[in-house]
Amino acid sequence: ECTEKSCSIMNAGPKFEYLWQDTDSERYKTPTKLSAPKYVEVLMDWIDRQLSDENVFPLSQGKSFPEQFKNTCKTIMKRLFRVYAHIFHCHLDEIVRCNAEGHLSVCFKHFIYFGQEFQLLPIKELDPLKDVIAKL
């Protein structure tokens, strides 16, 4: 179970701690420690805002994508990867107990392949799960 108490730090094992920063937000202008559940909540809200903003993800035909589009996509993918890293490092036993490891692996495999195909995941970000990725 991923709670404020059990996962008070967003991490992927002892070597990787993730801080939240959103320069467009007053609250998170500087890197901020969050619990894992709070990090995921803030991340999903942030992604929703990005996807809903037509200046970032244009919906109108003929409207061009902004110059920063690929960088925005890379940031989304990097932050989503961190959620996978947290799950694999901190909750894999629970996933296995629920017989959901196959589902997690298939979703992660597609995520990694998509990220690699479109060069959206920086290699250095993948370190927490390099052994998992090598087995895909």
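From a predicted model like this one, the values you see are computed outputs, not experimental measurements.

Peer 1: Break down the overall build of the chain for me, with residues and values.
Peer 2: Across its full length, the chain carries five helices and two strands. Each helix and strand of the chain, ordered N terminal to C terminal, gives the series β-β-α-α-α-α-α. Taken along the three principal axes of its C-alpha coordinates, the chain extends 50 × 35 × 25 Å. Among the 136 residues that make up the chain, the fraction classed as buried is 35%. A separation threshold of at least 6 residues defines the contact pool for the chain, and within that pool the share at least 24 residues apart is 59%.

Peer 1: Give a detailed account of the environment of lysine 78, specifying residues and quantitative values.
Peer 2: Note on placement: lysine 78 falls in helix 2 (residues 69–90). With relative accessibility at 24%, the residue lysine 78 sits in the partly exposed group. Here the alpha-carbon distance between lysine 78 and leucine 51, two residues 27 residues apart in the chain, equals 16 Å. Apart from residues no more than four positions distant in its own chain, lysine 78 is found in contact with Leu121 and Glu125.

Peer 1: Could you give me a rundown of helix 2, with the residues and numbers involved?
Peer 2: Taking 1.5 Å per residue as the helical rise, helix 2 with its 22 residues ought to reach 32 Å, and the 32 Å between its terminal C-alpha atoms agrees with that figure. Of all the positions in helix 2, only Thr72, Cys73, Ile76, Met77, Arg79, Phe81, Arg82, Val83, Tyr84, Ala85, His86 and Phe88 are classed as buried.

Peer 1: So what's going on with the pattern of salt bridges? Which residues, and what values?
Peer 2: The tally for this structure, following the rule as stated, stands at four salt bridges. A salt bridge links lysine 38 to glutamate 41; its shortest N-O distance comes to 3.6 Å. Here glutamate 41 and lysine 38 lie together in helix 1 (residues 36–52), a separation of three residues that amounts to about one turn. Close ionic contact of glutamate 125 with arginine 82 constitutes a salt bridge, the shortest N to O distance being 3.5 Å. One end of the pair, glutamate 125, is in the loop between helix 4 (101–117) and helix 5 (130–134); the other, arginine 82, is in helix 2, with 43 residues separating them in the sequence.

Peer 1: Outline the nonpolar core, listing residues and values.
Peer 2: Side chains of nonpolar character tend, in soluble globular proteins, to be buried together. Within the largest apolar cluster, 32 residues are counted, with the highest numbers of intra-cluster contacts made by Trp20, Phe81, Phe108, Phe111, Ile112 and Leu129. At the level of elements, helix 1, helix 2 and helix 4 are the ones that each hand at least two residues to this core. Here this core takes eight residues from helix 2, the largest share from any one element. Excluding residues within four positions of it along the chain, isoleucine 112 makes contact with Phe81, Leu121, Leu126, Ile133 and Leu136.

What counts as what
- Residues numbered from 1 in each chain as written.
- Predicted model: local features only at pLDDT ≥ 70, side-chain atom pairs only at ≥ 80, totals over all residues.
- Heavy atoms only, no water.
- Helix = DSSP H or I, 4+ residues; strand = E, 2+ residues; numbered from the N terminus.
- Buried < 20%, exposed > 50% of the residue type's maximum accessible area, 1.4 Å probe, protein only.
- Contact = heavy atoms within 4.5 Å.
- Expected span 1.5 Å × (residues − 1).
- Salt bridge = Lys/Arg side-chain N within 4 Å of Asp/Glu carboxyl O.
- Core = buried A, V, L, I, M, F, W, Y, C linked by side-chain atoms within 4.5 Å.

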